Amino acid sequence: MRHHLILRVVTKLLIGSIMLFALYVQFHGDYSPGGGFQAGVIMAVAFIIYGIVFSLQDVQRVLPPWLVHKLSALGVLVYAGTGVVSFFTGYGFLDYAALSPHHPVHGQHYGIILVELGVGITVTGVMITIYYAFTSRTPVMDDEAW
Amino acid sequence: MFVLASIALIIAMILVLIRLFAGPSLYDRVLAVNGFGTLTVLFIAVLGFLNGRPDFLDIALLYALINFVGTIAVLKFFRYRAMGDSGRDVTEMDG
Amino acid sequence: METLIDILSWILIAAGSFFAVVGAAGILRFPDFWSRLHALSITDSGGVILLLLGMALQAGWGLVAVKLLIILAFLFITGPTSTHAVANAALVSGMKPKDSAGAPGDVTDPESPEPATDKAGAP
Amino acid sequence: MLRTRSLFATVMLAGVFSLLSALLFVTLDAVDVAFTEAAVGAGISTVLMLGTLALTRRFESPPAHTPVIPLFVVLVTGAALVYGTLDMPYFGSATAPAQTHVAPDYISRTPHEIDVPNIVTAILASYRGYDTLGETAVVFTAAVGVLLLLSGLRRRRRKEEEDV
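Reading the values: rules and limits
Think of each chain on its own: its residues are numbered from 1, step by step along the sequence as written. Chains and ligands are labelled sequentially in the order written, the chains with letters from A and the ligands with numbers from 1. Local features are withheld for residues below a pLDDT of 70 in this predicted model, meaning they are given only at 70 or higher, and side-chain atom pairs are given and counted only at 80 or more; totals for whole chains, interfaces and linings count all residues. Note that water and hydrogens are dropped before the side-chain values are worked out from all heavy atoms of the structure. Each helix is a run of H or I in the DSSP string that is no shorter than four residues. Each strand is a run of E no shorter than two, and both are numbered from the N terminus. Only protein chains enter the accessibility calculation, which uses a 1.4 Å probe. A residue is then buried if its area is under 20% of the maximum for its type, exposed if over 50%, and partly exposed in between. Two residues qualify as a contact provided that any one of their heavy atoms is within 4.5 Å of a heavy atom in the partner residue. A 1.4 Å probe and the Shrake-Rupley method give the accessible areas. Residues count as covered only by the protein chains that appear here. In these notes, a set of buried Ala, Val, Leu, Ile, Met, Phe, Trp, Tyr and Cys residues joined through side-chain atoms within 4.5 Å is what counts as a nonpolar core. Per-residue confidence from the predictor is reported as pLDDT, a score between 0 and 100. Candidates for patches are residues over 30% relative accessible area with no salt bridge; among them, like charges are joined within 9 Å and nonpolar side chains (Val, Leu, Ile, Met, Phe, Trp, Tyr) within 5 Å. We count a salt bridge whenever a side-chain nitrogen from Lys or Arg sits within 4 Å of a carboxyl oxygen from Asp or Glu. A helix is expected to span 1.5 Å for every residue after the first. Accessible area, probed at 1.4 Å, shrinks when two parts are joined; the buried area is that loss added up over both. Under this definition, polar contacts are N or O atom pairs within 3.5 Å; protein pairs additionally need one hydrogen-donor-capable and one acceptor-capable atom, and for neighbouring residues in sequence, both atoms have to be side-chain atoms. Where helices are involved, their axes are fitted lines through C-alpha atoms of the stretch in contact, as for all axes, and angles between N-to-C directions lie from 0 to 180°. These descriptions rest on fixed angle ranges, namely under 35 degrees for roughly parallel, over 145 for roughly antiparallel, 65 to 115 for roughly perpendicular, and the rest for oblique. Note on convention: the crossing is left-handed when the near helix lies turned anticlockwise from the far helix by less than a right angle, right-handed when the turn is clockwise. Each residue receives one of three labels: charged for Asp, Glu, Lys and Arg, nonpolar for Ala, Val, Leu, Ile, Met, Phe, Trp, Tyr, Cys and Pro, and polar for the others, Gly being one of them. Here is the rule: rings of Phe, Tyr and Trp (six-membered ring for Trp) pair when centre to centre is within 6.5 Å. Planes less than 30 degrees apart are stacked, more than 60 are edge-to-face, and the remainder are tilted.

Of the regular secondary structure elements, chain C holds three helices and zero strands. Tracing chain C from N to C terminus, the helices and strands come up as α-α-α. Taken over 123 residues, chain C has a buried fraction of 46%. Nonlocal contacts in chain C, meaning residues at least 24 apart in sequence, comprise 57% of its contacts between residues at least 6 apart. Carbon and sulfur atoms make up 72% of the accessible area of chain C, which totals about 6,200 Å².

Take a look at the structure:
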């Protein structure tokens, strides 16, 4: 899609907005609809549209496959790590009151933000991983199949 | 009034859906999906006013941003017959 | 002042709904792809702008109106872009508009992606 | 009855179906679900289905056997399910089991225990934290599965080419 000037300009314009919207959905999720999963998908869409309009090499220069694989594991680690921290400070597993012992309600809030962040990172990583896995293969079909 | 607008939008969506089913060419269908997405954004916004729930506008905003991705993906796929860059440019022409 | 804004917003919304339906009817009824593009642009520009402006007036100045204006801005950018992409792809694939005399251009191209025999989804 | 063997048209119809189901969720006031449907259905699912289509063929191959027995099974199952819905409480009924056990409890506890305006987030991330951890692990497993399936195949094919 090298020659699509209009598409490239508009995509450059939109990617920033899509990412900003993803961050809004991620961190405003406790006030308005949305949360980690939706934000992760939207963030992945921002990278995928870059990959579609530019090329797979371009998007992989921004976000190499090994980094995406690490990211999708990191999200689960953040989530489970929150649980482990609360577990080792004398509360139950995933009992967010541990994060702010003097003010359990605030602890719940911190915990929700951390956990949603973990979900968001994982979903972003997984969606981009699947996109890379599908697109980096050569198509098996020949012209007769069309 | 919002009821009227929503009824008008539903009628418009049904008309576009008929075009989507009828085809005949692929590009007519892409066009119909595109128009359907725009109408959906409007309909969700109208529905938010109808129910007095401004949260719905977030969904409309999401569609306005992302609906474009599907169209571009379809067109790229159709031109290169692949989502990656390994596919050949089947038309071999600069547009 | 209140009633003035009210009347103005109702007029905008009514006109927007009208354009949305007209554009959709055009998408359904127009004879070929290139004329349908024009019909879609009625919905994409007239319908969107009038409806969203009317709703923004109705909402009054605030977060809701700002969100509506943001939606308007994004639809204003993405709508024409995707229409352009569709038209460009159709042209590149060999679909040619008819000339002014109504003579059939070479619309049916052997390389045409969707074969004419594929009457998919006849109701 | 709308039928098509062109898988491409099916992909686009699936996109429209996701738009319609998001509208349905909006009408039912399930904003979070509608948001998920919008995010997944509008962008990702089209791209992934097209990616799948690139690796397969464009038309569905005609089935080798007559579809009478599957049709019969589907009809019987559908009839049984419709019969089952007769026992279900009416939509929005206040005495439905879903409205009487945990839901009022969550709604009454959330404001003073968690203090998050969006109760769905509170339930997902705090009251049902274990579930969500499991879901995140499932999503991660999906990525591992796709990687195992697709990247392994590519390596094998490259090896075959070298052998030739």
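A few words on the nonpolar core. By size, the foremost hydrophobic cluster in this structure holds 139 residues, and its most contacted members are Ile 42 of chain A, Tyr 27 of chain B together with Leu 52 of chain C. Among the elements that make up this core, the one with the highest residue count is helix 3 (residues 56-80) of chain B (18 residues).

Let's shift gears to the confidence of the model for chain A. The share of residues in chain A with pLDDT of 70 or more is 92%, and the mean pLDDT across the chain is 85. Averaged pLDDT values over the elements of chain A bottom out at 88 in helix 3 (residues 56-62) of chain A and peak at 91 in helix 2 (residues 36-53) of chain A.

Attention now goes to a nonpolar patch on the surface. Taken together, the side chains of Met 1, Leu 4, Ile 5, Leu 8 and Leu 57 of chain C make up a nonpolar region of the molecular surface, amounting to roughly 490 Å² of accessible area. Within the element layout of this structure, Leu 8 of chain C appears in helix 1 (residues 2-29).

If you check helix 5 (residues 104-135) of chain A, its first and last C-alpha atoms are 46 Å apart, about what 32 residues at 1.5 Å a residue would give, namely 46 Å. Burial within helix 5 of chain A is extensive, with 24 of its 32 residues counted as buried.

It is worth spelling out the interface of chain D and chain A at this point. Counting residues at the interface gives 43 residues for chain D and 49 residues for chain A. Carbon and sulfur atoms make up 75% of the area that chain D and chain A hide from each other, which totals about 4,200 Å². Connecting chain D to chain A are zero salt bridges. Taken together, chain D and chain A are joined by eight residue pairs in polar contact (both at pLDDT 80 or more). Elements with a contribution of two residues or more to the side of chain D that touches chain A: helix 2 (31-55), helix 5 (102-113), helix 6 (119-127) and helix 7 (129-163) of chain D.

For the rest of this paragraph, the subject is the packing of helix 1 (residues 2-22) of chain B against helix 1 (residues 7-27) of chain D. Two elements in contact, helix 1 of chain B and helix 1 of chain D, have axes separated by 12 Å at closest approach and are oriented at 160 degrees. Judged on the interaxial angle alone, helix 1 of chain D and helix 1 of chain B are roughly antiparallel. Viewed along their axes, helix 1 of chain B and helix 1 of chain D form a crossing whose handedness is left-handed. Each of Met 13, Leu 17, Leu 20 and Phe 21 of chain B in helix 1 of chain B lies in contact with helix 1 of chain D, whose residues at this interface are Leu 13, Val 16 and Leu 23 of chain D. Taken together, the residues of the contact of helix 1 of chain B with helix 1 of chain D sort by class into seven nonpolar, no polar and no charged.

Residues and elements named next belong to chain D. According to the stated counting rule, one finds five salt bridges over all chains in the structure shown. Among the salt bridges present, the one from Arg 109 reaches Asp 105, with a minimum N-O distance of 3.1 Å. Separated by four residues within a single helix, Arg 109 and Asp 105 lie in helix 5, roughly one turn from each other. Note on Arg 109: relative accessible area 28%, which makes it partly exposed.

In total, this model carries 13 aromatic pairs over all chains according to the counting rule given. Residues Phe 93 of chain A and Tyr 130 of chain D carry aromatic rings whose centres are separated by 5.7 Å and whose planes lie at 75 degrees to one another, so their mutual orientation is edge-to-face. Separated into two different chains, Phe 93 of chain A in the loop between helix 4 (65-88) and helix 5 and Tyr 130 of chain D in helix 7 make up a pair that spans both. Residue class for Phe 93 of chain A comes out partly exposed when judged on its relative accessible area of 27%. With centroids separated by 6.2 Å and ring planes inclined at 45 degrees, the aromatic side chains of Tyr 131 of chain A and Tyr 132 of chain A adopt a geometry described as tilted. Residue Tyr 131 of chain A shares its accessibility class with Tyr 132 of chain A, and that shared class is buried. Through successive ring pairs, a cluster of aromatic residues spans Phe 87, Phe 88 and Phe 93 of chain A together with Tyr 130 of chain D.

Between helix 2 (residues 26-51) of chain B and helix 1 of chain D, whose axes approach to 11 Å, the crossing angle comes to 5 degrees. In terms of orientation, helix 2 of chain B and helix 1 of chain D fall into the roughly parallel class. Contacts from Leu 26, Arg 29, Val 30, Val 33, Phe 36, Gly 37, Thr 40, Phe 43, Ile 44 and Leu 47 of chain B of helix 2 of chain B reach helix 1 of chain D at Phe 8, Ala 9, Met 12, Val 16, Leu 19, Leu 20, Leu 23, Val 26 and Thr 27 of chain D. Class assignment of the residues belonging to the contact of helix 2 of chain B with helix 1 of chain D gives a composition of 15 nonpolar, three polar and one charged.

Take the environment of Ala 8 of chain B next. Note on placement: Ala 8 of chain B falls in helix 1. By relative accessible area, Ala 8 of chain B is classed as buried at 12%. When the C-alpha positions of Ala 8 of chain B and Phe 43 of chain B are compared, they lie 9.5 Å apart, and in sequence the two are 35 residues distant. Among residues more than four places away in sequence, those in contact with Ala 8 of chain B are Ser 17 and Val 21 of chain C.

Although it is not a glycine, Leu 94 of chain A adopts a positive phi angle of roughly 65 degrees. Position of Leu 94 of chain A relative to the elements: it lies in the loop between helix 4 and helix 5. You will see that Asp 29 of chain D, though not glycine, has its phi angle at about 70 degrees, which is positive. Mapped onto the elements of the fold, Asp 29 of chain D is located in the loop between helix 1 and helix 2. Using a relative accessible area of 38% as the deciding quantity, one classes Asp 29 of chain D as partly exposed.

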